[in-house]
Amino acid sequence: MRDTLLKDRQYLRKRHRLSHQQIDTWLGENRSTEFINDKLKQLELVRQFLNITDKFGNKGIPFISIKGPLLSLRLYGDPTVRISCDIDLLIEKKYLDKTVALMLSEGYEFVDNFVWPAENYKQEIFALNYHHIVFYSRILNLRVEIHWVLTRILAVSMKTFKQIIADNLTTIRYANRSFVVLNKETELLYLLIHGANHRWKRLKWLVDIHEYLKQEIDVVLLNKLIGQFKASRIIAQANFFLDKYFQSQLPVSGNKRIPKRLLIFTDKNIENREISLISSLEDRLNNFWYFWLLSSNINYKLNWFIVTIARVGNVYNIKVANVFYRPYSFIKRRIFNV
């Protein structure tokens, strides 16, 4: 069944979110021009990307564009080849209030009945436990994700993370504008971490990474970044699936011995006919162990554990927040330097 499904264009489009141009490459066909509506949707997303980023520039809010049209431009020479369902921007935490005000003034609203807390300490707790805020425009039918960190769970301190990012930026020119983006090696590693954090449930991330292998990569820098982010197991995991689906490998090997569960659980995720929801006790336990095993680093495990138990409800409960925040912040900053 798996081999049949992976030759089904509509399955690849809906289940794995590959564009018809990517599917043409996957299947060795040339039919993408039959699906003009998909192309028009991506062109509209590019227009909205330019519109919202212009407003950030006008308000003096620096940002880094992640994924989205600029990644597609980088990989394929065309900002509409990759399917993007939202716009992702990375900003510094100090611009969060200003960003929230801008997005609300532009008619966007928070998703899931979220409310940005007025109290500074609640904002701090939220920012420590989450990595983005999601805005939605009903008029545009568009989601914008504002990140202040690339992923919820890091194996490095926030100070170190910010320095790594600052040291690994470059610019891209598009539509008579200059955009700040991650350099190739950092963006590639981010895609690897992002795919692993989503348990590789869609092939789109592996397709992007395989495409990135056609770029000239600074292997020394990539190895350095892998060491800084303690991502050796993720590299080995990705190499396993790159070999399975593309007969290709990253230019780095990662940890040669990783827990088999990381491969078995991921293999099942990719090959499920539908995206599996984490609902049953067995699903939750599998998910628990997957993320526990994704890195052997103690800082990662501490971060993962605290983020898992610290839900957004704590942000709104003043008594809980006051009691929780002080020891939590102390442990992260002083003991584990996270």
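Refer to the structure presented above.
Residues numbered from 1 in each chain as written. Predicted model: local features only at pLDDT ≥ 70, side-chain atom pairs only at ≥ 80, totals over all residues. Heavy atoms only, no water.

Caption draft 1: Region of the structure containing the environment of Tyr 212. Of note, Tyr 212 is situated in helix α10 (residues 204-212). A relative accessible area of 0% means that Tyr 212 is categorised as buried. A sequence separation of 141 residues divides Tyr 212 from Leu 71, and the C-alpha atoms of the two residues are 9.9 Å apart. In this structure, Tyr 212 is in contact with Leu 71, Arg 74, Leu 75, Lys 184, Glu 187, Leu 188, Leu 191 and Ile 217, ignoring residues within four places of it in sequence. (Helix = DSSP H or I, 4+ residues; strand = E, 2+ residues; numbered from the N terminus. Buried < 20%, exposed > 50% of the residue type's maximum accessible area, 1.4 Å probe, protein only. Contact = heavy atoms within 4.5 Å.)

Caption draft 2: Region of interest: the packing of aromatic side chains. Taken as a whole and assessed by the stated rule, the structure comprises 16 aromatic pairs. Here Phe 240 and Phe 241 contribute two aromatic rings whose centre-to-centre distance is 4.9 Å and whose plane-to-plane angle is 80 degrees, an arrangement assigned as edge-to-face. Phe 240 gets classed as partly exposed once you look at its relative accessible area, which sits at 40%. Phe 241 sits in the buried class, given a relative accessible area of 0%. On the numbers, 4.9 Å between centres and 75 degrees between planes, the contact of Phe 288 with Trp 304 is edge-to-face. (Phe/Tyr/Trp six-rings, centres within 6.5 Å; stacked < 30°, edge-to-face > 60°.)

Caption draft 3: The arrangement of the nonpolar core in detail. Membership of the largest hydrophobic core comes to 97 residues, with the highest contact counts inside it found for Phe 56, Ile 133, Leu 189, Leu 192 and Trp 200. The element best represented in this core is helix α12 (residues 232-246), accounting for 8 residues. When sequence neighbours within four positions are dropped, the list of residues in contact with Phe 56 reads Ile 61, Phe 63, Leu 89, Ile 91, Thr 99, Leu 102, Met 103 and Ile 146. (Core = buried A, V, L, I, M, F, W, Y, C linked by side-chain atoms within 4.5 Å.)

Caption draft 4: How the structure looks around the pairing of strand β2 (residues 86-90). Here β2 lies mainly inside the structure; 5 of its 5 residues are buried. In the sheet, strand β1 (residues 64-66) pairs with β2 via 3 bridges, with the strands oriented antiparallel. Bridge assignment links Ile 66 to a residue of β2, and that residue is Asp 88. Summarising the sheet, β2 and strand β5 (residues 142-147) pair through 5 bridges and their orientation is parallel. Bridge pairing in β5 links Leu 90 to His 147. (Pairing = 2+ DSSP bridges.)

Caption draft 5: The side chain of Arg 9, seen in detail. Mapped onto the secondary structure, Arg 9 falls in helix α2 (residues 9-14). In this structure the side chain of Arg 9 is engaged in a polar contact, spanning 3.2 Å, whose partner is the side chain of His 20. Those residues in contact with Arg 9, other than ones at most four positions away along the chain, are His 20, Ile 23, Asp 24, Leu 27, Glu 29, Arg 31 and Phe 35. (Polar contact = N/O pair within 3.5 Å; in protein donor to acceptor, adjacent residues only side chain to side chain.)

Caption draft 6: Geometry of the sheet that holds β2. Across the sheet, which stays open at both edges, the 5 strands sit in the order β1-β2-β5-β4-β3 with mixed pairing between neighbours. Single-partner strands in this sheet number two, and they are β1 and β3 (109-110). Bridge count for β3 against strand β4 (residues 132-137) is 2 bridges, and the pairing is antiparallel. Its bridge partner lying in β4, Glu 109 is registered against Tyr 136.

Caption draft 7: Just the packing of helix α9 (residues 184-197) against helix α11 (residues 219-228), in detail. Contact pair α9 / α11: the axes reach a minimum separation of 9 Å and the direction vectors enclose 45 degrees. Taken together, the axes of α9 and α11 lie oblique to each other. For α9 against α11, the interelement crossing comes out right-handed. Residues Glu 185, Thr 186, Leu 188 and Leu 189 of α9 pack against Leu 221, Leu 222, Leu 225 and Ile 226 of α11. Here the residues of the contact of α9 with α11 sort into 6 nonpolar, 1 polar and 1 charged. (Axes fitted to C-alpha atoms, helices over the stretch in contact; angles between N-to-C directions. Parallel < 35°, antiparallel > 145°, perpendicular 65-115°, else oblique. Left-handed = near helix turned anticlockwise from the far one by under 90°. Nonpolar A, V, L, I, M, F, W, Y, C, P; charged D, E, K, R; others polar.)

Caption draft 8: Local environment of a nonpolar patch on the surface. On the surface, Leu 281, Leu 285, Phe 288 and Trp 289 cluster together to form a nonpolar patch covering roughly 410 Å² of accessible area. Looking at the secondary structure, you find Leu 285 in helix α14 (residues 281-293). (Patch = residues over 30% accessible without salt bridge, like charges linked within 9 Å, V, L, I, M, F, W, Y side chains within 5 Å. Areas by Shrake-Rupley, 256 points an atom, 1.4 Å probe, with all protein chains shown as cover. Salt bridge = Lys/Arg side-chain N within 4 Å of Asp/Glu carboxyl O.)

These figures come from the coordinates and say nothing about function on their own.
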